[in-house]
Amino acid sequence: MDTTDTVVLTVLGVLALAGGVLVFVLDSMARVTFALLVSLACVGGVVTLLGLPYLGVVTVLMMVMEMVIMAVFMIAYMMNPAGLMPMSMLHNTRGALAVSAVLFAALTTGIFAVPWPGREGRPPRDSTVQLGTALMEGQMLTMVVLGLVLLSTMVGATVLATQRGRYDRFGDDLDRRPARDPVGGGVGR
């Protein structure tokens, strides 16, 4: 790892930590969502720099989609406007602080107490292939089929949830001009 990688790794680590702190400092769900997004995207960058680019990119993509979906649902369904009303993100602060302190002490003790094994062999040429093989070797066909089934389910649910198709407002022969649009109340009704 050269100097540039070390600097980028340090910056991403600090940003990830700052985003994690902001999750507990900010006072609205929407702001907390985006602070968590920044934190986890930086963690994905750290994982990428540490030699696992596939895992890093998947982490970033997964977190971006998860946080965007969460923000959309907050805007659509929360009683206060888009989760922007002040609220406390802290609950049972004394208990949480006690549990956090005990857990931090236990993990720190574990780091120094465990006899770490020495490296055997050489690192793989392509860590992505090694990770994919370790995770999916016997289940690749299952995962591909599951992905297609989930995609089909989402498309089918969307089609069944809509009352009309894309071109229904133009009539059966697509010759109705102007289009009869039920939203907006008027042209062609």
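Before reading further, recall that the structure is shown in the block above.
These figures come from a predicted structure and were not determined experimentally.

### Things to note about the overall build of the chain
Per the secondary structure count, the chain includes six helices and zero strands. Starting at the N terminus and ending at the C terminus, the chain contains elements arranged as α-α-α-α-α-α. Counting over 189 residues, the chain shows a buried share of 15%. Just so you have it, the chain exposes about 14,700 Å², and 70% of that area is on carbon and sulfur atoms.

### Description of the packing of helix α1 (residues 3-25) against helix α2 (residues 29-49)
It is at 8 Å that the axes of α1 and α2 come closest, and there the two elements cross at 155°. As judged from the angle between their axes, α1 and α2 are roughly antiparallel. For the element pair α1 and α2, the recorded crossing hand is left-handed. Residues D5, V8, L9, L12, G13, L15, A16, G19, G20, L22 and V23 of α1 touch α2, and the partners they reach there are V32, A35, L36, S39, C42, V43, G45, V46 and L49.

### Things to note about the nonpolar core
Listed in full, the five residues of the largest apolar core are L9, L12, A16, C42 and V46. With three residues, α1 is the largest single contributor of residues to this core. Contact partners of V46, with chain neighbours within four places excluded, come to L9, L12 and G13.

### What to know about the pattern of salt bridges
Counted by the stated rule, this structure contains one salt bridge. Ionic pairing is found between R31 and D27, a salt bridge with its closest N-O pair at 3.9 Å. Given a relative accessible area of 33%, D27 falls into the partly exposed group.

### Remarks on the packing of α2 against helix α3 (residues 53-77)
Closest axis-to-axis distance for the α2/α3 pair is 7 Å, and the angle between their directions is 175°. In this view, α2 runs roughly antiparallel relative to α3, as classed from their interaxial angle. Residue-level inspection shows M29, A30, T33, F34, L36, L37, L40, A41, G44, G45, V47 and T48 of α2 in contact with α3, the latter providing P53, L55, G56, V57, T59, V60, M63, V64, M67, M70, A71 and M74. Of the residues belonging to the contact of α2 with α3, the class tally is 18 nonpolar, six polar and no charged.

What counts and how
- Residues numbered from 1 in each chain as written.
- Predicted model: local features only at pLDDT ≥ 70, side-chain atom pairs only at ≥ 80, totals over all residues.
- Heavy atoms only, no water.
- Helix = DSSP H or I, 4+ residues; strand = E, 2+ residues; numbered from the N terminus.
- Buried < 20%, exposed > 50% of the residue type's maximum accessible area, 1.4 Å probe, protein only.
- Areas by Shrake-Rupley, 256 points an atom, 1.4 Å probe, with all protein chains shown as cover.
- Axes fitted to C-alpha atoms, helices over the stretch in contact; angles between N-to-C directions.
- Parallel < 35°, antiparallel > 145°, perpendicular 65-115°, else oblique.
- Left-handed = near helix turned anticlockwise from the far one by under 90°.
- Contact = heavy atoms within 4.5 Å.
- Core = buried A, V, L, I, M, F, W, Y, C linked by side-chain atoms within 4.5 Å.
- Salt bridge = Lys/Arg side-chain N within 4 Å of Asp/Glu carboxyl O.
- Nonpolar A, V, L, I, M, F, W, Y, C, P; charged D, E, K, R; others polar.

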